[in-house]
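Spelled out, the chains give:
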Amino acid sequence: MRFWGKSKFFFFSLFLSAAFFVFTEENRVLVLQNVVVIDATGAPPKKGMTVVINGDRIDSIGKNGATQIPDGASIGGLQR
């Protein structure tokens, strides 16, 4: 992986860590849209994904538009 790819992954990881810290209260839901998911299995990165974080746990990951977004969730969009 080139340097820029590694730095994007680092900043995304840092963003998720910050999101976990901010949304650790129960019943706080954060939705991140347009995410690139790297599952660390060697599979290619998956673009155009939505991640639903409920409290301090990832609740679901799916394609944009196909993932159910809970009522009252805070929604953040990531763009290139």
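Everything quoted here is computed from the prediction, not taken from an experiment.

Novice: Would you mind going over the sheet that holds strand 1 (residues 29–37) with me for this structure?
Specialist: Think of a sheet as strands paired side by side through backbone hydrogen bonds, with each pair either parallel or antiparallel. Ordered in space as 3-2-1-4, the 4 strands form an open sheet in which the pairing is mixed. With one partner strand each, in any of the chains shown, strand 3 (57–63) and strand 4 (74–77) form the two edges of the open sheet. Here the average twist between neighbouring strands, direction ignored, is 25 degrees. Examined bridge by bridge, strand 1 and strand 2 (residues 46–54) share 6 bridges and lie antiparallel to one another. In the strand pairing of strand 2, Val 35 is matched with Met 49.

Novice: How should the side chain of Thr 50 be read in this particular structure?
Specialist: With respect to the element layout, Thr 50 can be found in strand 2. Among the polar contacts listed, one links the side chain of Thr 50 to the side chain of Asn 64, at a separation of 2.6 Å. Once you skip the residues sitting within four places of it in the chain, Thr 50 turns out to touch Val 31, Leu 32, Gln 33, Ser 60, Ile 61, Gly 62, Lys 63, Asn 64 and Thr 67.

Novice: When you look at the pattern of salt bridges in this model, what are you seeing that I'm missing?
Specialist: A full pass over the atoms with the stated rule returns 2 salt bridges. Notably, a salt bridge pairs Asp 39 with Lys 46, separated by 3.9 Å at the nearest N-O pair. Looking at Lys 46, the relative accessible area reads 40%, which means it is partly exposed. Arg 57 is paired through a salt bridge with Asp 56; the nearest N and O atoms lie 3.9 Å apart.

Novice: Got a minute to help me understand the nonpolar core in this structure?
Specialist: As a rule of thumb, soluble globular proteins bury nonpolar side chains together. Within the largest apolar cluster, 7 residues are counted, these being Leu 30, Leu 32, Val 35, Val 37, Met 49, Val 51 and Ile 53. Residue assignment for this core shows that the elements contributing at least two residues are strand 1 and strand 2. In terms of residue count, the dominant contributor to this core is strand 1 (4 residues).

What counts and how
Residues numbered from 1 in each chain as written. Predicted model: local features only at pLDDT ≥ 70, side-chain atom pairs only at ≥ 80, totals over all residues. Heavy atoms only, no water. Pairing = 2+ DSSP bridges. Helix = DSSP H or I, 4+ residues; strand = E, 2+ residues; numbered from the N terminus. Axes fitted to C-alpha atoms, helices over the stretch in contact; angles between N-to-C directions. Polar contact = N/O pair within 3.5 Å; in protein donor to acceptor, adjacent residues only side chain to side chain. Contact = heavy atoms within 4.5 Å. Salt bridge = Lys/Arg side-chain N within 4 Å of Asp/Glu carboxyl O. Buried < 20%, exposed > 50% of the residue type's maximum accessible area, 1.4 Å probe, protein only. Core = buried A, V, L, I, M, F, W, Y, C linked by side-chain atoms within 4.5 Å.

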